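Architecture at a glance
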Amino acid sequence: MLKKILSVLTLSLVALGAAASPTAPKEGADYQVLPTPQPTDSGKKVEVIEFFAYWCPHCNTFDPSLSAWVKKQGDNIVFKRVHVPYNERMAPQQKLYYTLESMGLADQFQPKVLKALHEDRQDFTRDEAVFDWVAKNGIDRAKFSDTYRSFGVAGKIRRAGAMMESYKVEYWPLLVVDGRWQVSPSLTGQANKELDTEAKQQAATLQVLDALVAKAKAEKK
């Protein structure tokens, strides 16, 4: 009888282990499927979108490893960021991101903005504070402020709001692979209880991304 009980326990543990694994991710556990797939324009490459916010502490800690992962993926993927809207107080940060993106400076300034907010405690809740900071960091203030107030940036902000609804974004950081699959450190942590630190959850999330990018790429052949 004891042997039978131990056998059942062992099988149960194996089943639990198979239910969620970052290297062999399971739908509904390690990642979620969007109810309505969203269109992509990345051709043979796999589109990966990160929904994030400058002010988000979890986005900040995830950014270095995610950026390294993007660099490692190289030509396998087309990586995009969407800065989520939140409230009027945080609106200048979203406008800062889309202004930098419009000027072709978003990737270059990503770590600098995060450092300014999370380490240097810069207050980016006012337009003028944003303008002062970019000017101190070598960006033409007049050109930046004109772009910041442009119809182009306003359009990007409207699109970000629409994308949050289409992609069912309720928290961040959240990544969407190939317009179909949602992945996040939060989701990975829930699926794998042994991932008891944020660093472990983030590392596991990158493994899930590896697997899903490979799956999407194979389907594109």
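Placed above this text is the structure.
Keep in mind that what you see is a predicted model, and the values were worked out from it rather than measured.

What counts and how
Residues numbered from 1 in each chain as written. Predicted model: local features only at pLDDT ≥ 70, side-chain atom pairs only at ≥ 80, totals over all residues. Heavy atoms only, no water. Helix = DSSP H or I, 4+ residues; strand = E, 2+ residues; numbered from the N terminus. Polar contact = N/O pair within 3.5 Å; in protein donor to acceptor, adjacent residues only side chain to side chain. Contact = heavy atoms within 4.5 Å. Core = buried A, V, L, I, M, F, W, Y, C linked by side-chain atoms within 4.5 Å. Buried < 20%, exposed > 50% of the residue type's maximum accessible area, 1.4 Å probe, protein only. Expected span 1.5 Å × (residues − 1). Axes fitted to C-alpha atoms, helices over the stretch in contact; angles between N-to-C directions. Parallel < 35°, antiparallel > 145°, perpendicular 65-115°, else oblique. Left-handed = near helix turned anticlockwise from the far one by under 90°. Pairing = 2+ DSSP bridges. Nonpolar A, V, L, I, M, F, W, Y, C, P; charged D, E, K, R; others polar. Right-handed = clockwise from strand over helix to strand, strands pointing away.

A few words on the side chain of glutamine 201. Residue position: glutamine 201 is located in helix α9 (residues 198-220). Polar side-chain contacts of glutamine 201 include one of 3.1 Å to the backbone oxygen of leucine 195. Beyond its immediate chain neighbours, meaning those up to four positions away, glutamine 201 contacts Pro185, Thr188, Gly189 and Leu195.

Let us now look at the nonpolar core. One finds Phe51, Tyr54, Leu96, Leu100, Val113 and Phe144 to be the most contacted residues of the largest nonpolar core, which totals 38 residues. Looking at this core, the elements that each hand over two or more residues are β2 (46-52), α3 (91-102), α4 (106-118), α5 (127-136), α6 (141-148), α7 (151-166) and β4 (174-177). With six residues, the top contributor of residues to this core is α4.

Before going further, it helps to spend a moment on α9. The end-to-end C-alpha distance of α9 is 33 Å, a good match for the 33 Å that 23 residues give at a rise of 1.5 Å each. Within α9, the full set of buried residues consists of Gln201, Gln202, Ala204, Thr205, Leu206, Val208, Leu209, Leu212, Val213 and Ala216. The secondary structure elements touched by the buried residues of α9 are β2, α2 (57-73), β3 (77-83), β4, β5 (181-183) and α8 (185-191).

Turning our attention to the packing of α5 against α6. Remark: α5 packs on α6, axes separated minimally by 9 Å, with the N-to-C direction vectors making an angle of 140 degrees. By the angle between their axes, α5 is oblique relative to α6. When the axes of α5 and α6 are compared, the crossing they make is right-handed. In this structure, α5 uses Asp127, Glu128, Val130, Phe131, Asp132, Val134 and Ala135 to contact α6, whose residues at the interface are Arg141, Phe144, Ser145 and Tyr148.

What follows concerns the sheet that holds β5. Read across the open sheet, the five strands follow the order β1-β5-β4-β2-β3; overall the sheet is mixed. Each end of this open sheet is capped by a strand with a single partner; those strands are β1 (32-33) and β3. In terms of strand pairing, β4 meets β5 through three bridges, oriented antiparallel. Directly across from leucine 175, in β5, lies its bridge partner valine 183. Where α3 meets the sheet, it contacts β2 and β3, and its direction lies at approximately 145 degrees from that of β3.

This part is about the packing of α2 against α4. Between α2 and α4, the least distance of the axes is 11 Å, while the angle of their chain directions is 140 degrees. The angle between the axes of α2 and α4 places the two elements in the oblique class. Viewed along their axes, α2 and α4 form a crossing whose handedness is left-handed. Packed against α2, whose contacting residues are Pro57, Asn60 and Asp63, the element α4 presents Gln110, Leu114 and His118 at the interface. Of the residues that constitute the contact of α2 with α4, the class distribution is two nonpolar, three polar and one charged.

This part covers the side chain of glutamine 182. Relative to the helices and strands, glutamine 182 resides in strand β5. Here glutamine 182 falls in the buried class, since its relative accessible area comes to 10%. Engagement of the side chain of glutamine 182 in a polar contact is seen with the backbone oxygen of tyrosine 167, the distance being 2.7 Å. Polar side-chain contacts of glutamine 182 include one of 3.2 Å to the backbone oxygen of lysine 168.

Next up on the list: the environment of isoleucine 49. Tracing the backbone through its elements, the reader meets isoleucine 49 in strand β2. Its relative accessible area of 2% is what places isoleucine 49 among the buried residues. If sequence neighbours within four positions are ignored, isoleucine 49 has contacts with Lys80, Val82, Met163, Tyr167, Leu174, Leu175 and Val176.

Moving on, we come to the pairing of β3. Of the strand pairs in this sheet, β2 and β3 are connected by seven bridges, and their pairing is parallel. Bridge pairing in β3 links glutamate 47 to valine 78. Chirality of the crossover, the property in question, places the unit of β2, α2 and β3 among those that are right-handed.

This next bit is on unusual backbone geometry. The omega torsion of the bond from tryptophan 172 to proline 173 falls at 5 degrees, within 30 degrees of zero and hence cis. Note that proline 173 resides in the loop between α7 and β4. For lysine 168, which is not a glycine, the phi torsion comes out positive at approximately 55 degrees. Mapped onto the fold, lysine 168 is located in the loop between α7 and β4. Its relative accessible area of 47% is what places lysine 168 among the partly exposed residues.

So yeah, pure geometry; function would need other evidence.
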